[in-house]
Amino acid sequence: MEPTSEKKLRKVVYLTFPPEASNKPVVCDLARVYGLAFSILKAQITPRHEGQMTIELSGPAEAYEAGMGYLREQGIGVVPAAQRISRDEESCIHCGVCTALCPTKALALNIETRRVEFDDEACSACGMCTKVCPVAAMDVQLENGAM
Ligand code: SF4
Ligand code: SF4
């Protein structure tokens, strides 16, 4: 029998920093204190002003939950990027144009069904698909030019 392993997560989250939190090194604490690996995908942070950041996190599920709790305690808004991305299933014509550009393979062609599937958990909210989709089926909602 295989040993049980701790559940690992990989998530993209969208953070909003109130002015009083914009100069705190809270994101570094996710690695230092909670042992999460992170990669900043997009950031617009100015000291003493509200800021936004999109980061990709990976690590054990428990550490992820604890780290998100810590961010919220600091007054930081935490929204999984997946909640800000949607596809209008009625509009999508499964042309496949977006699959060539999607950096995380969140949009991928299912060879068997010949349909393009959207995995919102894998989406990094980069916005590339919205620029090429001929029928504007992809909707990425991030505020203040953060995408
Ligand atoms: S580019 Fe638009 S219409 Fe084409 S597969 Fe992607 S989401 Fe669907
Ligand atoms: S926004 Fe579109 S192109 Fe970017 S990761 Fe998400 S599905 Fe892929």
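Residues numbered from 1 in each chain as written. Chains lettered and ligands numbered in written order. Predicted model: local features only at pLDDT ≥ 70, side-chain atom pairs only at ≥ 80, totals over all residues. Heavy atoms only, no water.

**Student:** Can you lay out the overall build of the protein chain for me, pointing to particular residues and giving the numbers?
**Tutor:** When helices and strands are counted, the protein chain shows three helices and eight strands. Counted from the first residue to the last, the protein chain has its helices and strands arranged as β-α-β-β-α-β-β-β-β-α-β. Along the longest, intermediate and shortest principal axes, the C-alpha atoms of the protein chain span 50 × 45 × 20 Å. Considering only residue pairs separated by 6 or more positions, the protein chain has 64% of its internal contacts joining residues 24 or more positions apart. Carbon and sulfur atoms make up 51% of the accessible area of the protein chain, which totals about 8,600 Å². With 15 positive and 19 negative side-chain charges, the protein chain shows a spacing of 5 Å between the two charge centroids. (Helix = DSSP H or I, 4+ residues; strand = E, 2+ residues; numbered from the N terminus. Contact = heavy atoms within 4.5 Å. Areas by Shrake-Rupley, 256 points an atom, 1.4 Å probe, with all protein chains shown as cover. Lys, Arg positive; Asp, Glu negative; His and termini not counted. Charge placed at Lys NZ, Arg CZ, Asp CG, Glu CD.)

**Student:** Break down the site of ligand 2 for me, with residues and values.
**Tutor:** C102, P103, T104, L107, F118, C123, S124, A125, C126, G127, M128 and C129 make up every residue found near ligand 2. Tallied by class, residues from the shell around ligand 2 come to nine nonpolar, three polar and no charged. (Near = heavy atom within 4 Å. Nonpolar A, V, L, I, M, F, W, Y, C, P; charged D, E, K, R; others polar.)

**Student:** An account of unusual backbone geometry is needed here, citing residue identities and associated values.
**Tutor:** Positive phi values are uncommon outside glycine, yet H94 reaches one of about 55°. As for its position among the elements, H94 is in the loop between strand 5 (85–87) and strand 6 (107–110). What makes H94 buried here is its relative accessible area of 17%. With a phi angle near 60°, K105 is a residue other than glycine that sits in the positive phi range. (Buried < 20%, exposed > 50% of the residue type's maximum accessible area, 1.4 Å probe, protein only.)

**Student:** Lay out the domain arrangement of the protein chain in plain terms, naming residues and giving numbers.
**Tutor:** Reports often express the size of an interface as the amount of accessible area lost when the parts come together. Parsing the protein chain into structural domains produces domain 1 (8–82) and domain 2 (88–140). Each partner contributes to the interface: domain 1 provides eight residues, whereas domain 2 provides eight residues. Across the domain 1/domain 2 interface, buried area totals approximately 560 Å², and carbon plus sulfur atoms make up 47% of it. One can count zero salt bridges joining domain 1 with domain 2. Mapped onto the side of domain 1 that touches domain 2, the elements with two or more residues apiece are strand 1 (8–17) and strand 2 (37–44). At three residues, the largest contribution of residues to the side of domain 1 that touches domain 2 is made by strand 1. (Domains from an automatic or database assignment. Buried area = accessible area lost by both parts, 1.4 Å probe. Salt bridge = Lys/Arg side-chain N within 4 Å of Asp/Glu carboxyl O.)

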